[in-house]
Amino acid sequence: MPASPAPATGPRRLTRTLYRYAFLDEFVLLYPVYALLFSDTGLSLGQISSLFALWSLTGVLLEVPSGAWADGTSRRRLLVLAPLLTATGFALWVLLPSYASFAVGFVLWGAGGALGSGTLEALVYDELERLGAADRYAGIMGRTRACGLVAVMAAMALAGPVFARGGYPAVGAASVLTCLLAAATATRLPEHRGPAAHARGWTATLRAGLAEARADRSVRGALLLVPAVTAVFEALDEYTPLLAHDTGVAETDVPWFLLLVWAGATAGGLLTGPASRLGSRGLAVLLAGAACALALGAASGSPAGLVLVAAAFGGFQLAVVLADARLQRRLEDTGRATLTSVAGLGSSLTTIAVYAGYGTLATAAGHATAFAWGAVPYLLTAALLARSGRRSRRSRRSWRCSRRLRRTRNESPEAVRETQWNAHPRATAPPCPPVPPDRTV
């Protein structure tokens, strides 16, 4: 039975709480200075690198199990727990600065990120579907990502003044406080899952989710699309300061150009509402246009080219949200968080591979060339999407013709010709072949 239209207050309560949660979850003043904290504590570059590797490994190992857990228990409870784990890790960093504390903090931070990955998307989509507003998912999640980006930019702007006044303790205390506020905000997220959703263990949920992916080709395609549009974009984001510096931008001006790039990504998130109806061909055009802007902007070698890079990042951010929305539309409630986490795992592993490839290419040819080559996977993805869009249109046209033939099988020849004549002027495809007379006795 289709969901009944929701009262206006339903989605509004969800979205307001969701936007606050997304902002607080990313408003971490430790972001710009935690590498300095490690260095000032006496850690070597190798030790710092090992901490980053431990952080990534924790997220990779816990990504899919945490998604299966979210399908077998209260998703809101996990969204409350996630920032509490992160807050504990940040408190350890500031109160007991040492390599062991930093390692434990990164494990807690990685675990918190894994608990939220897939869980938030599943909760939001199911609540919107219950309220009869699932078609608003892409726009809402786009604005959610935009809130997170704005929070990161605000944290970077405030970290300097707060650090100048109170040093690492002040920055750490502010970060712990925002995590606690995020956990408190998560308790206000609505959740209306039935008791049956919590009855299965996480292993049974994981098996059911993976079986759904194996059985449905459209689900597999949507799962592959998410890392295809996410991995390169998220990897390149880490190297934008180096690209800006290579174009001749002074070190003191690099943050301003980074702000331009992040503003482009934020704009892309805000445009997901109007773009939520894009089909495969529309998404292919979007990816191809963003890829061309990325290649041209990076290859220009001038600061003005960063405007095109910002536009490309906006297109990629928009494509990431649209790919997630396509995936959510194809999933069942019982395995939604599990398969969303599978897509997240694919994105993480592909991003690690992009890091390795980027390092090799940039060392040999420079950052501009590496960024330009980053457009190639998006052009290939756009070509595959355009091809799948043509196949989908042909299958829909064939289905409409077969349905029309079945409907007119028992009509007279004159009625059949009149039906086809009335349908053909409005159709984009040629009329269906004439229906042979029924000669059965």
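Everything numeric here is computed off the predicted structure, so don't read it as measured data.

Quick notes on the packing of aromatic side chains
Given two aromatic rings, one states the distance between the centres and the angle between the planes to describe the pair.
Now for step 1: Considering all chains together, one arrives at 27 aromatic pairs under this definition.
Now for step 2: Centroid distance W55 to F106: 5.1 Å. Interplanar angle 35°. Geometry classified as tilted. Taken together, the residues span a long stretch of sequence, with W55 in helix 3 (residues 45-72) and F106 in helix 5 (residues 99-116) at a distance of 51 residues.
Now for step 3: Taken together, Y31, Y34, F38, F52, W55, F90, W93, F102, F106 and W109 form an aromatic cluster joined through their ring pairs.

Examining empty space enclosed by the protein
Now for step 1: One pass over the structure, following the stated rule, counts one cavity of 30 Å³ or more.
Now for step 2: The space that makes up the largest cavity amounts to roughly 50 Å³.
Now for step 3: The wall of the largest cavity is formed by S276, L278, G279, L283, L322, A325, R326 and R329.
Now for step 4: No other element matches the four residues that helix 14 (residues 305-330) contributes to the lining of the largest cavity.

A word on the confidence of the model for the chain
Reading predicted coordinates in detail is not appropriate for stretches of low pLDDT.
Now for step 1: Mean pLDDT over the chain stands at 81; residues scoring 70 or higher make up 82%.
Now for step 2: Confidence scores differ between elements of the chain, with helix 18 (residues 413-423) showing the lowest mean pLDDT of 50 and helix 4 (residues 75-95) the highest of 94.
Now for step 3: Here residues 423-430 scores under 50 on pLDDT; set against residues more than four positions off or in separate chains, the count is six contacts.

Observations regarding helix 6 (residues 119-130)
Now for step 1: Look at helix 6: 17 Å from first C-alpha to last across 12 residues, which is about the 16 Å you get at 1.5 Å a residue.
Now for step 2: Burial analysis of helix 6 places 10 of its 12 residues in the buried class, which makes it a mostly covered element.
Now for step 3: Those residues of helix 6 lying buried are T119, L120, E121, A122, L123, V124, Y125, D126, E127 and L128.
Now for step 4: Of the residues flanking the end of helix 6, it is G132, one or two places downstream, whose phi is positive at about 70°.

A look at the pattern of salt bridges
Now for step 1: Following the criterion strictly, the structure yields five salt bridges and no others.
Now for step 2: In this structure, R75 engages D71 in a salt bridge whose closest nitrogen and oxygen atoms are separated by 2.5 Å. With respect to class, R75 is no different from D71; both count as buried.
Now for step 3: Across the pair E127 and R130 runs a salt bridge, and its minimum N-O distance is 3.3 Å.

Conventions used here
Note that residues are indexed from 1 along each chain, following the sequence as it is written. It should be noted that, the model being predicted, local features are given only for residues of pLDDT at least 70 and side-chain atom pairs only at 80 or more, the latter also being counted only at that level, while totals for whole chains, interfaces and linings use all residues. Only hydrogens and water are removed before side-chain values are computed, so all heavy atoms of the structure are retained for them. Two rings from Phe, Tyr or Trp (for Trp, the six-membered ring) form a pair when their centres sit within 6.5 Å of each other. Planes less than 30 degrees apart are called stacked, planes more than 60 degrees apart edge-to-face, and all others tilted. Secondary structure elements are taken from DSSP: a helix is a run of H or I of four residues or more, a strand is a run of E of two residues or more, and numbering for both begins at the N terminus. In this analysis a 1.4 Å probe is tested at points of a 1 Å grid over the protein atoms alone, and where it fits but cannot get out there is a cavity; an open set with protein on both sides within 12 Å along at least five of seven lines is a pocket; lining residues have an atom within 4 Å of a point. Grid points are joined across faces, edges and corners, and a volume is the space filled by probe spheres set on the points. Per-residue confidence from the prediction method is given by pLDDT, with values spanning 0 to 100. We call two residues in contact whenever any of their non-hydrogen atoms come within 4.5 Å of each other. A helix is expected to span 1.5 Å multiplied by its residue count minus one. Relative accessibility under 20% of the residue-type maximum defines a buried residue, over 50% an exposed one, and the middle range a partly exposed one, all with a 1.4 Å probe and only protein chains included. The rule for a salt bridge is simple: a side-chain nitrogen of Lys or Arg has to be within 4 Å of a carboxyl oxygen of Asp or Glu.

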